[in-house]
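Analysis of the macromolecular model
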There are 2 protein chains.
Amino acid sequence: MLTDLTIALDMMGGDYGPRSSIPAAIAAVLKHPNLNLILCGNQQVIESALSKANMLDHPRLAIKHCKEVVTNSCEPASALRNKKHSSMRVALDLVKSGEAQACVSSGNTGALFFMAHYVLKMLPGIKRPALISAVPTEKKQPVYLLDLGANVHCDPETLYQFGIMGSIVAGQALNIPSPKVCLLNIGSEEIKGHDGIKQAAKLMKSSSVINYQGYCEGSDMFTGKADVIVCEGFVGNVALKTCEGIAKLIMHKFSKALKKHFFYKALAFLLRPVIKKLYRRVNPDQYNGASLVGLRGIVVKSHGNATNKAFLAAIEEAAQEVQRKIPEKIQAVFEQVDTEKQPSGPHP
Amino acid sequence: MLTDLTIALDMMGGDYGPRSSIPAAIAAVLKHPNLNLILCGNQQVIESALSKANMLDHPRLAIKHCKEVVTNSCEPASALRNKKHSSMRVALDLVKSGEAQACVSSGNTGALFFMAHYVLKMLPGIKRPALISAVPTEKKQPVYLLDLGANVHCDPETLYQFGIMGSIVAGQALNIPSPKVCLLNIGSEEIKGHDGIKQAAKLMKSSSVINYQGYCEGSDMFTGKADVIVCEGFVGNVALKTCEGIAKLIMHKFSKALKKHFFYKALAFLLRPVIKKLYRRVNPDQYNGASLVGLRGIVVKSHGNATNKAFLAAIEEAAQEVQRKIPEKIQAVFEQVDTEKQPSGPHP
């Protein structure tokens, strides 16, 4: 049960826009009696859709008309300059002003990141925000992977800070005191990787707020060896999207293999529900929202392909982050780290 | 049918050493009547294993005794300095001297790369060698991915050269005149990615020897959109190993889901052969060898976990590369490129 809270939704983003965001918003308020939503987007479109669903006068659904939309082809800097009245920007402004405690968008990731950074600003002491998401493992609990593309390259201290932020998010979500943190590398031996990653490993090893476990490789990301896996945005994005690609490939090959033989064809039909459920589970990018952490506010990014269910999951993720007070907890830990020895200083 | 050729095998590498390399070598000579193998490793161990299989006096199996082994924990530079009599080094020396036309090893990748680079040297005009492997797609033919970890970071011209080398390998293997080449990036729009990748894209676009198709993301690596995908070694290694990880995860979750219900449990039993075959197919890292390209000689790296079958596949890959004259073809194309306008020059 969620306590009273308000979330601003960018209704116009992603491949489906209101077609997925409206049903998700309706499902969210019906499911969570203390949740208030501010629907940012074209008033006429939203009203017409709510009216069709007999939800136009719902007391916990407010509409904020926005005359612009940030499209997928829009350059981040141009979106920031020219789309001040877009549904994405207005949703972020509502978080900034305190009218909403979090916002959710399935729009252009680069623009959302750029705008969120500009509007909400960084928490004190944090160099860069990161995009983090839960990824399934062989164990019951997922692993939290960051950065997923907010920062193409990251210096060692940024990776180190991601380790701290990831620990807080995973610790709160999984309810564990000191999550195991690994750095994603191309080998598990200490000699592997580039200088930046070796420097980041040193910082993590000597930190009092990170339970550092060493390197992990792409092949053991999903074994449950780590609770948090840290990498540069370019690498994290490729890894996450490769999961999506290989999951699709496996499903494709599996269906094809089953269709080859009449006997297996019958099995395929029976197996369809298991396969579908599995596909959703191992396809984190499609299904879970990713959160921007390190900012003075909560921003959850839903996949551009987000269905109603995925957008609903992103709204619920945002609500949980509000209740877990993620930004406040990150700030508190960074204040503690700041009073300790500066780990990035070149002098001992 | 292979025409007369000789391949040197590092018998002592990988997790299984002679336990997988001996059966693979025997299977290879029995399957290919014109193939000669030089087995580099501990003479006593090899002789004893061959003798058990009644293959000690086989006319196309020669033994080259090596008193040292490069272990997995050995640092590349130290292996080069201190392991001059190792099975890995001797196999490479045999290629250098022309006694063998190619070599195969499942040992320490870093050491193999370092030694091969030192012993065989680069082809003229090529900046760095790359590790390339075929990865399955939804289509019939695979896609060739490089670099898989030989170079952590790569400058734009190196990526551009990888595009050329990948085109030659894929063109020969798939028998197509101008393979489609993509750069792996975190978005398909031109504005995405870092400066290095944008520079590489420019070089590829203006090249007469690359059929450049733009960026591709992790999620469409396996759709068959590209015949060659180029990326930095760090990214390629993570992507390939993520495939391995997610394939394991899917198989794990699938078996678990099936075990939950008696009805599905019975299905799982019937499906076992299909699932096993599929797992091998979508797990390229485990199953195919990866080749080092750009050197004055052919070196195929089999997975550290290589089974007999995988090691045999690597031997066959090496034999095919000899027949396709991959190094000669790479050299010819680079000579052609060299006479054209230097694509990397800062002045137009």
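How each quantity is defined
- Note on numbering: residues in each chain are counted from 1, in written sequence order.
- Chains and ligands are labelled sequentially in the order written, the chains with letters from A and the ligands with numbers from 1.
- Totals for whole chains, interfaces and linings use all residues, but because this is a predicted model, local features are given only for residues with pLDDT of at least 70 and pairs of side-chain atoms are given and counted only at 80 or more.
- Only hydrogens and water are set aside; all other atoms, that is, all heavy atoms of the structure, feed into the side-chain values.
- UniProt positions are given in the numbering used here, feature names are shortened, and annotations may be inferred rather than shown by experiment.
- Helix and strand assignments follow DSSP, with helices taken as H or I runs no shorter than four residues and strands as E runs no shorter than two, numbered in order from the N terminus.
- Here the term buried applies to any residue with accessible area under 20% of the maximum for its type, exposed to any over 50%, and partly exposed to those in between, with areas from a 1.4 Å probe on protein chains only.
- Residue contacts are defined here by distance: any two heavy atoms, one from each residue, within 4.5 Å place the two residues in contact.
- Here the accessible surface of atoms and residues is derived via Shrake-Rupley with a 1.4 Å probe, and residues count as covered only by protein chains that are part of the display.
- Multiplying 1.5 Å by the residue count of a helix minus one yields the expected span of that helix.
- Between any two strands, at least two bridges found by DSSP are needed for them to pair.
- For helices, the fitted line uses only the C-alpha atoms of the stretch in contact; every axis is such a line through C-alpha atoms, and the angle between N-to-C directions lies from 0 to 180 degrees.
- Buried area, as used here, totals the accessible surface that two parts lose on assembly, with accessibility defined by a 1.4 Å probe and the loss added over both.
- Salt-bridge detection follows one rule: a side-chain nitrogen of Lys or Arg within 4 Å of a carboxyl oxygen of Asp or Glu.
- Counted as a polar contact is a pair of N or O atoms within 3.5 Å, where, for protein atoms, one must be capable of donating a hydrogen and the other of accepting one, and residues adjacent in sequence contribute only when both atoms are in side chains.
- Under this grouping Gly is polar, as are all residues other than the nonpolar Ala, Val, Leu, Ile, Met, Phe, Trp, Tyr, Cys and Pro and the charged Asp, Glu, Lys and Arg.
- Segmentation of the chain into domains, including their bounds, is taken from an automatic or database domain assignment.
- What sets the superposition is a least-squares fit of C-alpha atoms, and only residues with pLDDT of at least 70 in both copies go into it.
- The score called pLDDT rates the predictor's confidence residue by residue, from a low of 0 to a high of 100.
- Oblique is the label for any angle not under 35 degrees, not over 145, and not in the 65 to 115 range, which are roughly parallel, roughly antiparallel and roughly perpendicular in turn.
- Each helix crossing is assigned a hand: it is left-handed if the near helix lies turned anticlockwise from the far helix by less than a right angle, otherwise right-handed if that turn is clockwise.

Under an unreviewed UniProt entry, the name given to chain A is Phosphate acyltransferase, and the source organism is Pseudoalteromonas piscicida. As recorded by UniProt, the Subcellular location (unreviewed entry) comment attached to chain A reads in full: "Cytoplasm". According to the UniProt record, the Pathway (unreviewed entry) comment for chain A reads "Lipid metabolism; phospholipid metabolism."

If you tally the helices and strands in chain A, you get 12 helices and 11 strands. In chain A, which comprises 348 residues, the proportion classed as buried is 58%. In chain A, the proportion of contacts linking residues at least 24 apart, taken out of those at least 6 apart, comes to 73%. With an accessible surface of roughly 14400 Å², chain A has 52% of that area assigned to carbon and sulfur atoms.

This part is about helix α1 (residues 18-31) of chain B. Residues and elements named next belong to chain B. Relative to the 20 Å expected for 14 residues at 1.5 Å per residue, α1 spans 19 Å between its end C-alpha atoms, a close match to the ideal helical length. Those residues of α1 that sit buried are P18, S20, S21, I22, A24, A25, I26, A28 and V29. Its buried side turned inward, α1 meets β1 (5-10), β2 (35-41), α2 (43-52), β3 (61-65) and α11 (308-324).

So, on to the sheet that holds β1 of chain B. Residue and element names in this part refer to chain B. On the basis of which strands lie adjacent, the open sheet formed by 11 strands has the order β3-β2-β1-β4-β11-β10-β5-β6-β9-β7-β8 and mixed pairing. Pairing within the sheet leaves two strands with one partner each, and these edge strands are β3 and β8 (211-216). Averaged over neighbouring strand pairs, the angle between their axes works out to 25° when direction is ignored. Relative to strand β4 (residues 102-105), β1 is paired through 3 bridges, and the arrangement is parallel. When the bridges of β4 are listed, A8 appears paired with C103.

The partner chain A presents 56 residues to the 55 residues of chain B that form the contact. Both sides of the chain B and chain A interface together cover about 5100 Å² of buried area, and 76% of this is carbon and sulfur. It is E138, I186 and F234 of chain B that lose the most area in chain B upon contact with chain A, and together they represent 13% of the buried surface on that side. The residue K241 of chain B makes a salt bridge to E217 of chain A at a minimum N-O spacing of 2.2 Å. For the pair chain B and chain A, the interface holds 6 residue pairs in polar contact (both at pLDDT 80 or more). Elements represented by at least two residues in the side of chain B that touches chain A include exactly α8 (233-259) and α9 (262-281) of chain B. Per element, the largest residue contribution to the side of chain B that touches chain A is 22 residues, and it comes from α8 of chain B. Residue classes in the side of chain B that touches chain A are distributed as 32 nonpolar, 13 polar and 10 charged.

Our next topic: the domain arrangement of chain A. All names here are of chain A. Assigned domains of chain A: these are domain 1 (1-125 + 294-325) and domain 2 (127-286). Inter-centroid distance (C-alpha atoms) of domain 1 to domain 2 is 26 Å. At the junction of the two partners, domain 1 supplies 12 residues and domain 2 supplies 13 residues. Contact between domain 1 and domain 2 buries roughly 1100 Å² in total, counting both sides, with carbon and sulfur atoms accounting for 60%. The largest per-residue losses of area from domain 1 upon contact with domain 2 belong to F113, H303 and R324, which jointly make up 46% of the total buried on that side. Along the contact surface separating domain 1 from domain 2 lie 0 salt bridges. Elements supplying a minimum of two residues to the side of domain 1 that touches domain 2: α5 (109-120) and α11 (308-324).

Residue and element names in this part refer to chain A. Here the amide bond leading from L146 into D147 is cis, since omega sits at 0°, within 30 degrees of zero. By secondary structure assignment, the location of D147 is in the loop between β6 (143-146) and α6 (156-174). Phi is positive for N54, close to 60°, though the residue is something other than glycine. With respect to the secondary-structure elements, N54 resides in the loop between α2 (43-52) and β3 (61-65).

Each copy of the sequence occupies a distinct position, and chain B is placed on chain A by a rotation of 180° and an axial shift of 0.0 Å, giving an RMSD of 0.1 Å. Look at the turn and shift together and you get a two-fold axis relating the two. Taken as a fraction of all interface residues of chain B, those also at the interface in chain A reach 100%, which identifies the copy contact as same-surface.

Right, let's talk about the environment of S188 of chain A for a bit. Residues and elements named next belong to chain A. Here S188 lies in the loop between β7 (180-184) and α7 (195-205). Sequence separation between S188 and Q43 is 145 residues, and the spatial gap between their C-alpha atoms is 53 Å. With residues up to four places along the chain from it excluded, the contact list for S188 reads Y215 and E217.

Taken over all residues, the pLDDT of chain A has a mean of 89, while the share at 70 or more is 88%. Listed scores for the predicted complex are pTM 0.89 and ipTM 0.85.

A separate point is the packing of helix α6 (residues 156-174) of chain B against helix α12 (residues 326-339) of chain B. Residue and element names in this part refer to chain B. At a minimum axis distance of 10 Å, the contact between α6 and α12 shows a crossing angle of 135°. As summarised for this structure, α6 and α12 are arranged oblique, according to the angle between their axes. In the crossing of α6 with α12, the sense of the turn from one axis to the other is right-handed. Of α12, the residues touching α6 (which contributes Y160, Q161, I164, M165, I168, V169 and Q172) are I326, K329, I330, V333, F334 and V337.

Take the pattern of salt bridges next. Residues and elements named next belong to chain B. Enumeration according to the criterion identifies 10 salt bridges over all chains in this entry. Two residues, D93 and R89, come together in a salt bridge whose shortest N-O distance is 3.3 Å. Note that D93 and R89 are positioned in helix α4 (residues 87-97) at a spacing of 4 residues, about one turn of the helix.

To continue, consider the environment of N308 of chain A. Residue and element names in this part refer to chain A. With respect to the element layout, N308 can be found in helix α11. Judged by relative accessible area, N308 falls into the partly exposed class, the value being 35%. Taking the C-alpha atoms as reference points, N308 and I22, 286 residues apart in sequence, are found 7.9 Å from one another. With near-sequence residues (within four places) excluded, N308 lies in contact with R19, S20, P23 and A24.

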